[in-house]
Amino acid sequence: MRLLALAALLLAGCLLPWHLTLQRARFDHVIVLDITQSMNVPDALVEGRPAPRIEAARHALREALLQLPCGSKVGWGVFTEYRTLLVLAPVEVCGHLGELRATLANLDGRMAWINGSEVAKGLHSGLAVARQLPERPSLVFVTDGHESPPLHPRHRPKLQGEPGEVPGLIVGVGQAQPSPIPKRDPQGRPIGVWGADEVLQADPRSRGRGGSVAGEGMADEAGGPTASVGATPGTEHLSGLREAYLRLLAQEDGLQYHHLDSPAGLAAALRDSRFERPVPVRLPLREVLAPMALAVLLLSLAAPVLGPAWRRAQAAWAARSARHRPG
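Basis of the calculations
- Residues numbered from 1 in each chain as written.
- Predicted model: local features only at pLDDT ≥ 70, side-chain atom pairs only at ≥ 80, totals over all residues.
- Heavy atoms only, no water.
- Helix = DSSP H or I, 4+ residues; strand = E, 2+ residues; numbered from the N terminus.
- Contact = heavy atoms within 4.5 Å.
- Polar contact = N/O pair within 3.5 Å; in protein donor to acceptor, adjacent residues only side chain to side chain.
- Disulfide = S-S within 2.5 Å.
- Buried < 20%, exposed > 50% of the residue type's maximum accessible area, 1.4 Å probe, protein only.
- Pairing = 2+ DSSP bridges.
- 1 Å grid on protein atoms, 1.4 Å probe; cavity = no way out; pocket = protein on both sides within 12 Å on 5 of 7 lines; lining within 4 Å.
- Points joined across faces, edges and corners; volume = space filled by probe spheres on them.
- Nonpolar A, V, L, I, M, F, W, Y, C, P; charged D, E, K, R; others polar.
- Axes fitted to C-alpha atoms, helices over the stretch in contact; angles between N-to-C directions.
- Parallel < 35°, antiparallel > 145°, perpendicular 65-115°, else oblique.
- Left-handed = near helix turned anticlockwise from the far one by under 90°.
- Phe/Tyr/Trp six-rings, centres within 6.5 Å; stacked < 30°, edge-to-face > 60°.
- Lys NZ or Arg CZ within 6 Å of the ring centre and 35° of its normal.
- Patch = residues over 30% accessible without salt bridge, like charges linked within 9 Å, V, L, I, M, F, W, Y side chains within 5 Å.
- Areas by Shrake-Rupley, 256 points an atom, 1.4 Å probe, with all protein chains shown as cover.
- Salt bridge = Lys/Arg side-chain N within 4 Å of Asp/Glu carboxyl O.

> Before we go on, may I ask you to explain the environment of glutamate 81 in this structure?
Turning to its location among the elements, glutamate 81 is positioned in the loop between strand E5 (73-80) and strand E6 (83-92). Separated by 32 residues in the primary sequence, glutamate 81 and tryptophan 113 have C-alpha atoms spaced 7.9 Å apart. Look past the residues within four positions of glutamate 81 in its chain and what remains in contact with it is Trp113, Ile114, Gly116, Ser117 and Glu118. A polar contact is formed between the side chain of glutamate 81 and the side chain of tryptophan 113, at a distance of 2.9 Å.

> When you look at the state of the cysteines in this model, what are you seeing that I'm missing?
What we call a disulfide is simply a covalent bond connecting the sulfur atoms of a pair of cysteines. The full count for this structure, using the stated rule, is one disulfide. Between the sulfur atoms of cysteine 70 and its disulfide mate cysteine 94 the distance is 2.0 Å. The sign of the -90 degrees torsion about the S-S bond sets the cysteine 70-cysteine 94 disulfide as left-handed. With cysteine 70 in the loop between helix H2 (53-64) and E5 and cysteine 94 in the loop between E6 and helix H3 (97-105), this residue pair connects regions lying 24 residues apart in the sequence.

> Can you walk me through the pairing of strand E2 (residues 28-34) in this structure?
Regular strands place side chains that alternate from one sheet face to the opposite one. Where burial is concerned, most of E2 is hidden: seven out of the seven residues are buried. The side-chain alternation of E2 yields two buried faces, one formed by Asp28, Val30, Val32 and Asp34 and the other by His29, Ile31 and Leu33. Where E2 lies against strand E7 (residues 138-143), five bridges are found, and the strand directions are parallel. Its bridge partner being in E7, leucine 33 is matched across the sheet by valine 142.

> For this particular structure, what's the right way to read the layout of surface pockets?
Estimated volume of the largest pocket: approximately 710 Å³. As for the largest pocket, its lining consists of 31 residues, of which Ile35, Thr36, Gln37, Asn115 and Trp194 are closest to the centre. Sorting elements by how many residues they give to the lining of the largest pocket places H2 first, with three residues. The class makeup of the residues in the lining of the largest pocket is 11 nonpolar, 12 polar and eight charged.

> Is there a simple way to explain the packing of H2 against helix H6 (residues 263-270) in this structure?
The packing of two helices is summarised by the inter-axis angle and the distance between the axes. Interhelical geometry of H2 versus H6 gives an angle of 60 degrees and a closest axis separation of 8 Å. Between H2 and H6, the interaxial angle falls into the category oblique. Note that H2 runs across H6; the crossing there is right-handed. Here H2 contributes His59, Ala60, Leu61, Glu63 and Ala64 to the contact with H6, which in turn contributes Pro263, Leu266, Ala267 and Leu270.

> So what exactly am I meant to see when it comes to the packing of aromatic side chains here?
Centre distance and the angle of the planes are the two values used to describe a pair of aromatic rings. Summed over all chains, the structure comprises one aromatic pair. Seen from their ring centres, phenylalanine 79 and phenylalanine 141 are 5.5 Å apart, and the 50 degrees between their planes marks the pair as tilted. Here the residue phenylalanine 79 occupies a position in strand E5, and phenylalanine 141 occupies one in strand E7, the gap between them amounting to 62 residues. You'll find phenylalanine 79 and phenylalanine 141 in the same group, each marked buried. Against the face of tyrosine 82 rests arginine 83, its NZ or CZ located 5.3 Å from the ring centre. Looking at lysine 183, its charged tip hangs above the ring of tryptophan 194, at a distance of 4.8 Å from the centre.

> What exactly am I supposed to notice about a nonpolar patch on the surface here?
A cluster of nonpolar side chains, contributed by Leu85, Val87, Met111, Trp113 and Ile114, occupies part of the molecular surface with about 390 Å² of accessible area. Within the secondary structure, tryptophan 113 is located in the loop between H3 and helix H4 (119-132). For tryptophan 113, a relative accessible area of 34% puts it in the partly exposed group.

> How should the side chain of aspartate 144 be read in this particular structure?
Here aspartate 144 shows up in the loop between E7 and strand E8 (168-172). On the basis of relative accessibility, which here comes to 0%, the residue aspartate 144 falls in the buried class. At 3.0 Å, the side chain of aspartate 144 and the backbone nitrogen of histidine 146 are in polar contact.

> What should I look at first to understand the sheet that holds E8 in this one?
Strand pairs in the sheet, formed through backbone hydrogen bonds, run parallel or antiparallel to each other. Taken in spatial order, the six strands of this open sheet run E6-E5-E2-E7-E8-E13, and their pairing is mixed. Each edge of the open sheet is held by one strand with a lone partner, namely E6 and strand E13 (256-259). Ignoring which end each strand starts from, the neighbouring axes of this sheet average 20 degrees apart. As paired strands, E5 and E6 are joined by seven bridges and run antiparallel to one another. Among the inter-strand pairings, valine 74 is bridged to a residue of E6, identified as valine 91.

This is the structure:
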């Protein structure tokens, strides 16, 4: 009877218009996908089979969406040439999972407006996009780090703003071993691979040309030691993951770095505590009391069966203890 009375009391509490305020983790990201042609190199894995880098990235992102807690927001962007374009502003992941996945499935090289892959500028453009959004999401920049045309080590683009002002994550995709870059037409159909005579093998500044953006700042313009950007003059028509370069960019811009090896690993990186946003959530009291009332009611129904069995078990245990007691 006591259990039934407690269950009734808990059910009565469900009628009260009270709420509990809890803190729940939320993650807001703008995820930018490199759609340049080097991302078509098939040196990544999807469920154990070789796949283009961009396909592996989309697969991992599709699965990672399921690991973000409800209330989190994700938006999509693409990078090509030297700019990041916001395709979908951040939306709540649970209520818009279908839309997020459908949009992600169509992010590929067919959206590219021009050839070129100035990664550092695209990253800085992505940080500017995230900075301008109302809720200031973090930036997740997914790329292989292949700069085309190549960069001169002393003339790398400089971040406009404070490093770490926008939290972010650079995700490196692919293998370090260089591979031929598939060539595709504007409709995405394969038409061979890029040859050595079809791409710039040296940086434009060494050839007497300026940068693609007038008046841009350079990270090493004051001199000092040069930093490797992974350029390989003579073999720039091949592409491998430029991980050392991406780690350098992450360090300089106050970001984190993650090498894509599995959807689970990417999901964990997206849920890193450095990107966590604790937000207050109002939880109706009935959502707590109703399960408790059900548990108490089930316990009251099981008590007539479990009670005698529990007492017999206690008696048996006491008897065994008495037999083995010394003296």
